[in-house]
Amino acid sequence: MPPRRRCGATSTASSRRLPNPCDRSTGVEGAAVIPAPFRYVRPSTLAQALELLNAEAAACVLAGGQSLLTQLKSRAVTPDLVVDLGALDELREIRSRPGTVTIGAMVTFARLAKNPVVRESVPVLAQTVAHVADVQVRNRGTLGGSLSYADPSGDLAGAVIAAGGTVRLVSADGERELPAEQLYAGPFRTVLAPGELLVDVTMPRHDTAHTAYYAVARRPADPTLAGVALVATVDADRITDIGVGLVGLGDRPLAAAATARALRGQPLGGAEAGTALADEIAPLPSTAGQAEYRRAVALTALERALRQLTQEAAS
Ligand SMILES: Cc1cc2nc3c(=O)[nH]c(=O)nc-3n(C[C@H](O)[C@H](O)[C@H](O)COP(=O)(O)OP(=O)(O)OC[C@H]3O[C@@H](n4cnc5c(N)ncnc54)[C@H](O)[C@@H]3O)c2cc1C
């Protein structure tokens, strides 16, 4: 098979795993507001969707459309084919099994916030949704779309990483499962190969864990400057285990392993891990603030997330 073409651009890339054709870094950024022409299909099964994606070199998938439609209108991506996942009910399931919860890629933010299984077993996801945009975006945006878009500031990624989530990626050639933090290859870039779909996310149940998400943004609907998600097991007021997910603090969402190690064993009320956090973040400078400012904000976000965790454990 000839090398697959990235959306809207000819490519001679020879690497075995080519970039996701829907990465925001592809194509031509411009002032256009009307998408370039493309074909649109709405398959009714996952198998059909994978077949279509396998057959078409320059295809993009459409989930909630909250990011993709803007990319299409600005011609940042110019696919020949858009495959709408909206009719795939199998990607809307939330399955509770002993020890794990699996959430389909097409589950919306709004459903995550309301679903009793999510609220009980992965509460950090429901807490995080409260920080995402507005009602309209939460009604349309999906978990799979948010993770696949790979925005370094995308709030949900931090929660999924803190909860120890794994993503299942499926293509016509087979499937693979990765820890969520390994989905990312850089800003707005994932390791998803052309034709590959993120189909679901599995997390261990955290029914007895204490959780928190604290995010700092300049204004409520602005991108998160620093977001800290915590999922902690506490025994006799000490943190015995903890997952830490960070967003806005690197070129991709991060699993903060050193920060988690520093927090383990500390008393819940007085836990501190600022030095470890400072060593493992590398915020990108942006119009929202220079890297040094964002490092300071990160320390504040960690302190406040820990305070929120303590309050939650006491309630
Ligand atoms: C006004 C506004 C405010 C926002 N504020 C926030 C915020 O505060 N916090 C936050 O985290 N996000 C925010 N977002 C982003 C929002 O969360 C996005 O909608 C979301 O990141 C993308 O989800 P979607 O389902 O709409 O995906 P789409 O826009 O449909 O797709 C996004 C990208 O992912 C790819 N994709 C989608 N699903 C899959 C899949 N299953 N497998 C492989 N690739 C896939 C698409 O091809 C596309 O490249 C905001 C968006 C808007 C418009």
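Refer to the structure presented above.
Now for a quick tour of the structure. Small disclaimer: the values here were computed from a predicted structure and weren't measured.

**Considerations on helix 11 (residues 291–314)**
Then comes step 1: Taking 1.5 Å as the rise per residue, helix 11 with 24 residues should run 34 Å; its terminal C-alpha atoms sit 35 Å apart, in good agreement.
Then comes step 2: Every buried residue belonging to helix 11 is among Arg294, Val297, Ala298, Ala301, Leu302, Ala305, Leu306 and Leu309, and all of these are buried.
Then comes step 3: If you follow the buried residues of helix 11, they end up packed against strand 11 (210–216), strand 12 (226–235), strand 13 (238–247), helix 9 (257–263) and helix 10 (274–280).

**Quick notes on the site of the ligand**
Then comes step 1: The local shell around the ligand holds 29 residues, among which Val61, Gln66, Leu68, Thr142 and Asp155 are the closest.
Then comes step 2: Take Leu68: an N or O atom from its main chain is 2.7 Å from an oxygen atom of the ligand.
Then comes step 3: At a separation of 3.3 Å, a nitrogen atom of the ligand approaches a polar side-chain atom of Ser148.
Then comes step 4: Against a free-state accessible area of 970 Å², the protein chains account for coverage of 87% of the ligand.
Then comes step 5: Sorting the residues of the shell around the ligand by element identifies strand 2 (59–62), helix 2 (68–73), helix 7 (143–149) and strand 10 (197–204) as the ones contributing at least two each.
Then comes step 6: When residues in the shell around the ligand are grouped by element, the largest group, 5 residues, is from helix 7.
Then comes step 7: Tallied by class, residues from the shell around the ligand come to 15 nonpolar, 13 polar and 1 charged.

**Here's the deal with the side chain of His210**
Then comes step 1: Checked against the element boundaries, His210 lands in strand 11.
Then comes step 2: Separated by 3.0 Å, the side chains of His210 and Glu312 make a polar contact.
Then comes step 3: Those residues within four positions of His210 in sequence are excluded, and the remaining contacts are Leu230, Val231, Ala232, Val234, Leu309, Glu312 and Ala313.

**Some words on the sheet that holds strand 1 (residues 39–41)**
Then comes step 1: Here we have 3 strands laid out as an open sheet, ordered 1-3-2, and parallel in their pairing. The open sheet has two free edges, formed respectively by strand 1 and strand 2, since each of these has just one partner strand. Strand-to-strand twist across the sheet, computed as the mean angle between neighbouring axes with direction ignored, equals 25°.
Then comes step 2: The sheet contact formed by strand 1 and strand 3 (residues 81–84) spans 3 bridges and is parallel. Bridge pairing in strand 3 places Tyr40 opposite Val82.
Then comes step 3: Across the face of the sheet, helix 1 (residues 46–55) comes into contact with strand 1, strand 2 and strand 3 while running at roughly 165° to strand 3.

**Some remarks on the pattern of salt bridges**
Then comes step 1: Tallying each qualifying case throughout the model produces 13 salt bridges.
Then comes step 2: Its salt-bridge partner being Glu93, residue Arg95 comes within 2.8 Å of it at the nearest N-O pair.
Then comes step 3: Given the relative accessible area of 25%, Arg95 is considered partly exposed.
Then comes step 4: Residue Glu93 is classed as partly exposed on the basis of its relative accessible area, which comes to 35%.
Then comes step 5: As a salt-bridge pair, Glu175 and Arg168 come within 3.0 Å of each other at their nearest N and O atoms.
Then comes step 6: The exposed category is assigned to Glu175, whose relative accessible area is 52%.
Then comes step 7: Via salt bridges that share partners, Glu93, Arg95, Arg168, Glu175 and Asp200 belong to a single interconnected network.

**A short note on the nonpolar core**
Then comes step 1: Counting 39 residues, the largest nonpolar core has Ile103, Leu112, Leu125, Leu147 and Val167 as its most contacted members.
Then comes step 2: It is helix 8 (residues 155–162) that contributes the most residues to this core, 6 residues altogether.
Then comes step 3: Every residue in contact with Leu112, bar those within four places of it in the chain, is listed here: Ile103, Val107, Val118, Leu125, Ala126, Val129, Leu143 and Leu156.
Then comes step 4: Leu230, Ile239, Leu249 and Ala260 belong to the second largest nonpolar core, which has 27 residues in total.

**Observations concerning helix 1**
Given 3.6 residues per turn, any residue in an α-helix points the same way as the ones three and four places further on.
Then comes step 1: Taken together, the buried positions of helix 1 are occupied by Leu46, Ala49, Leu50 and Leu53. Along the long axis of helix 1, the arc covered by the buried residues comes to 95°, so they all point the same way. Exposed and oriented more than 90 degrees from the buried face of helix 1 are Ala47, Glu51 and Ala55.
Then comes step 2: Looking at the buried positions of helix 1, the neighbouring elements they touch are strand 2, strand 3, strand 6 (166–171) and strand 10.

Reading guide: rules and limits
For every chain, the first residue of its written sequence is number 1, and the numbers climb from 1 along that sequence. At least 70 in pLDDT is required for a residue's local features to be given in this predicted model, at least 80 for side-chain atom pairs to be given and counted, and no such filter applies to totals for whole chains, interfaces and linings, which use all residues. Hydrogen atoms and water are omitted, and side-chain values are computed over all heavy atoms in the structure. Helix and strand assignments come from DSSP, with helices taken as H or I runs of at least 4 residues and strands as E runs of at least 2, each series counted from the N terminus. For a helix, the expected span equals 1.5 Å multiplied by the residue count minus one. Buried residues are those whose accessible area, probed at 1.4 Å on protein chains only, stays under 20% of the maximum for their type, while exposed residues exceed 50% and partly exposed ones sit between those limits. Residue contacts are counted whenever heavy atoms from the two residues lie within 4.5 Å of one another. Near, as used in this document, describes a residue that has one of its heavy atoms within 4 Å of the molecule or strand being considered. Pairs of N or O atoms within 3.5 Å make up the polar contacts considered here, provided that, within protein, one atom can donate a hydrogen while the other can accept it, and that residues adjacent in sequence are counted only when both atoms are side-chain atoms. Per-residue accessibility takes into account occlusion by the displayed protein chains alone, with areas from the Shrake-Rupley method and a 1.4 Å probe. Under the convention adopted here, Pro, Cys and the residues Ala, Val, Leu, Ile, Met, Phe, Trp and Tyr are nonpolar, Asp, Glu, Lys and Arg are charged, and Gly plus all remaining residues are polar. When DSSP finds two or more bridges between two strands, those strands count as paired. Note on geometry: axes are C-alpha line fits, over the in-contact stretch for helices, and angles between N-to-C directions span 0 to 180 degrees. Every case where a carboxyl oxygen of Asp or Glu lies within 4 Å of a side-chain nitrogen of Lys or Arg is listed as a salt bridge. To define a nonpolar core, start from buried Ala, Val, Leu, Ile, Met, Phe, Trp, Tyr and Cys residues and group those joined through side-chain atoms within 4.5 Å. The directions from the helix axis to the C-beta atoms are what the arc is built from.

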